[in-house]
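# Descriptive analysis of the structure
So you can see what is in the structure, the chains are spelled out below.
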Amino acid sequence: MDNMKINTKCVQAGYRPGNGEPRQIPIIQSTTFKYDTSEDMGKLFDLEESGYFYSRLQNPTCDLVAAKLAALEGGSAAMLTSSGQAANFFALFNICEAGSHIVSSSSIYGGTFNLISVTMAKMGIDVTFVSPDCTEEELNAAFKDNTRAVFGETIANPALTVLDIEKFARAAHAHGIPLIVDNTFPTPVNCRPIEWGADIVTHSTTKYMDGHGAAVGGAIIDSGKFDWMAHKDKFPGLTTPDESYHGIVYAEKFGIEGAFITKATSQLMRDLGCVQSPQSAYILNLGLESLHVRMPRHVENGQAVAEFLSSHEKIEKVNYPGLASDPYHELSMKYMPNGGCGVVSFEIKGGRDQAQRFMKELKLAAIETHVADARTCCLNPATSTHRQMNDEQLKAAGIPAGLVRMSCGLEDKEDLIADLKQALSKV
Ligand SMILES: *Cc1c(COP(=O)(O)O)cnc(C)c1O
């Protein structure tokens, strides 16, 4: 499977049933697993043998789907989490603790921005936000002695900026620090950050991977390439004995390829318990089986909608990295030659009133706080997610009052454009 194309991996990686076994991934809906002797179970608790004993730690259905995600991203190991938020928190908290510092792109999902700048700050973890467009000099200047992680999003939600993964990886590695990339929007079908130097990849599988708005979930994939032992003093959680696991040193016992995910599972999942249910993992896998067929259609529709809007007289501005005029077009072509995703944002002339009027008139696109599923949906941040801000604050945040974020689904692009056309004719 390793040397097969991504399309084949979407369908068949992770689960290879034996003779007479179920063709589809079985849903192991069991909290616990039985053993004949306490000695057998003791070996699992000591991490001497791998196996299942309680579904908060590991479940066979979730592990099969995680193995597919590792194959898709080109990683050595992966784990599922209850949501994208949990994935990003676990990825960061697995290597950061009170007194640590994070360097993060400022252009990231609002939920992740809050996680890092408010909730993790309360845990004594500090952050420096840098523009994704910063120079290498500015980026290097953001590092401190206690920096333990660098974070960014391949295509940021909702700003649609594109991360220069190689630039961020170079700076991270020059300081002996891993780069964590949230690859939710392009998915591994359109970009595989590990191939460009990222060390850890995270996902909100709630979005395109599920793809049908059916199950909230997240995932972490380790490249298995970051040498924790070479930076022993920085990552004591991985390189010194874990007293809560009989003095195991993760980086020694599980090696460069297994240490990160084993620690995140046996410490963070054990103590925080943000597990994905086997039912959700099964639904996620159904989505993954067609991910490679769906992503090109999302991109085709996003591109068509962006091109239509960019020549429309009632539209002030369109953000879509697939447009030649977009400031991120060049980076997008480098990292995502087949396109990025189906999310487009655009500013309607006349501000929030006209944006609201326009959205009310749309027949296909529903108004939702969601992106990246089969049905086209849209949102006006000024009257929903950011409604506490006035026009000036919105402008300062780079979110004009008339901005609409539209997630293009899998419908026919001609119908989507006809819908936009009739709605725009009424504003
Ligand atoms: C939605 C999203 C998240 C959060 O994921 P949930 O599954 O909603 O917890 C994180 N990162 C990005 C880029 C997202 O779009």
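Residues numbered from 1 in each chain as written. Predicted model: local features only at pLDDT ≥ 70, side-chain atom pairs only at ≥ 80, totals over all residues. Heavy atoms only, no water.

### Focus on the sheet that holds strand E11 (residues 377–379)
Rules: A strand pair is defined by DSSP finding two or more bridges across the two strands. Only DSSP runs of H or I covering at least 4 residues are called helices, and only runs of E covering at least 2 are called strands; the numbering of each starts at the N terminus. Throughout, a contact is declared for two residues whenever any of their heavy atoms are within 4.5 Å. Lines fitted to C-alpha atoms define the axes, with helix axes restricted to the stretch in contact, and inter-axis angles between N-to-C directions lie between 0 and 180 degrees.
With mixed pairing, five strands are arranged side by side in an open sheet as E8-E9-E12-E11-E10. Edge strands, defined here as strands with exactly one partner in the open sheet, are strand E8 (315–319) and strand E10 (366–367). Summarising the sheet, E8 and strand E9 (residues 343–348) pair through four bridges and their orientation is antiparallel. In the strand pairing of E9, Asn 319 is matched with Ser 345. Contacting E8, E9 and strand E12 (403–407), helix H13 (residues 291–310) crosses the sheet at an angle of about 150° to E8.

### A word on the packing of helix H4 (residues 84–93) against helix H11 (residues 255–272)
So the rule is basically this: The crossing is said to be left-handed when, going from far helix to near helix, the turn is anticlockwise and less than a right angle, and right-handed when the turn is clockwise. Note that Gly is not counted as nonpolar here; it falls among the polar residues with everything else outside the nonpolar set of Ala, Val, Leu, Ile, Met, Phe, Trp, Tyr, Cys and Pro and the charged set of Asp, Glu, Lys and Arg.
It is at 10 Å that the axes of H4 and H11 come closest, and there the two elements cross at 115°. At the point where H4 passes H11, the crossing takes the right-handed sense. Residues Phe 89, Phe 90, Ala 91 and Phe 93 of H4 form the contact with H11, whose participating residues are Phe 260, Ala 264, Leu 268, Met 269 and Leu 272. Classifying every residue of the contact of H4 with H11 gives nine nonpolar, no polar and no charged.

### Focus: helix H7 (residues 165–174)
Threshold: Any residue under 20% of the maximum accessible area for its type is buried, any over 50% is exposed, and the rest in between are partly exposed; the area is computed with a 1.4 Å probe on protein chains only.
For H7, the complete set of buried residues consists of Ile 165, Lys 167, Phe 168, Ala 169, Ala 171 and Ala 172. On its buried side, H7 packs onto strand E2 (101–105), strand E3 (126–130), helix H6 (136–141), strand E4 (147–153), strand E5 (179–182) and helix H14 (329–335). Following H7 by one or two positions, Gly 176 has its phi on the positive side, about 70°.

### Focus: the nonpolar core
Note the threshold: Side-chain atoms within 4.5 Å are what join buried Ala, Val, Leu, Ile, Met, Phe, Trp, Tyr and Cys residues into a set we call a nonpolar core. As used throughout, domain bounds are those supplied by an automatic or database domain assignment.
Of all hydrophobic cores here, the largest spans 91 residues; its most connected members are Leu 80, Leu 179, Ile 220 and Trp 228. Of the domains in this structure, domain 1 (31–286) and domain 2 (291–424) are the two that each give at least three residues to this core. Those residues in contact with Ile 220, other than ones at most four positions away along the chain, are Ala 77, Ala 78, Met 79, Thr 81, Ala 87, Phe 90, Ala 91, Ile 200, Val 201, Phe 260 and Ile 261. Membership of the second largest hydrophobic core comes to 27 residues, among which are Val 318, Val 344, Leu 362 and Leu 424.

### What to know about the domain arrangement of the chain
Put simply, the test is: Buried area: the accessible area, evaluated with a 1.4 Å probe, that two parts lose upon being put together, summed over both parts. A pairing counts as a salt bridge when a side-chain nitrogen of Lys or Arg comes within 4 Å of a carboxyl oxygen of Asp or Glu.
Considered domain by domain, the chain is made up of domain 1 (31–286) and domain 2 (291–424). Each of domain 1 and domain 2 has a C-alpha centre, and these two points are 30 Å apart. The partner domain 2 presents 29 residues to the 28 residues of domain 1 that form the contact. Of the roughly 2,500 Å² buried between domain 1 and domain 2 on both sides combined, carbon and sulfur atoms contribute 65%. By the criterion of area lost to domain 2, the three top residues of domain 1 are Leu 160, Asn 190 and Tyr 208, representing 30% of everything that side buries. At the junction of domain 1 with domain 2, the criterion picks out one salt bridge. Among the salt bridges present, the one from Glu 166 reaches Lys 334, with a minimum N-O distance of 2.6 Å. Counting residues per element, the ones that place at least two in the side of domain 1 that touches domain 2 are H7 and helix H8 (187–190). Considering only residue class, the side of domain 1 that touches domain 2 consists of 13 nonpolar, nine polar and six charged.

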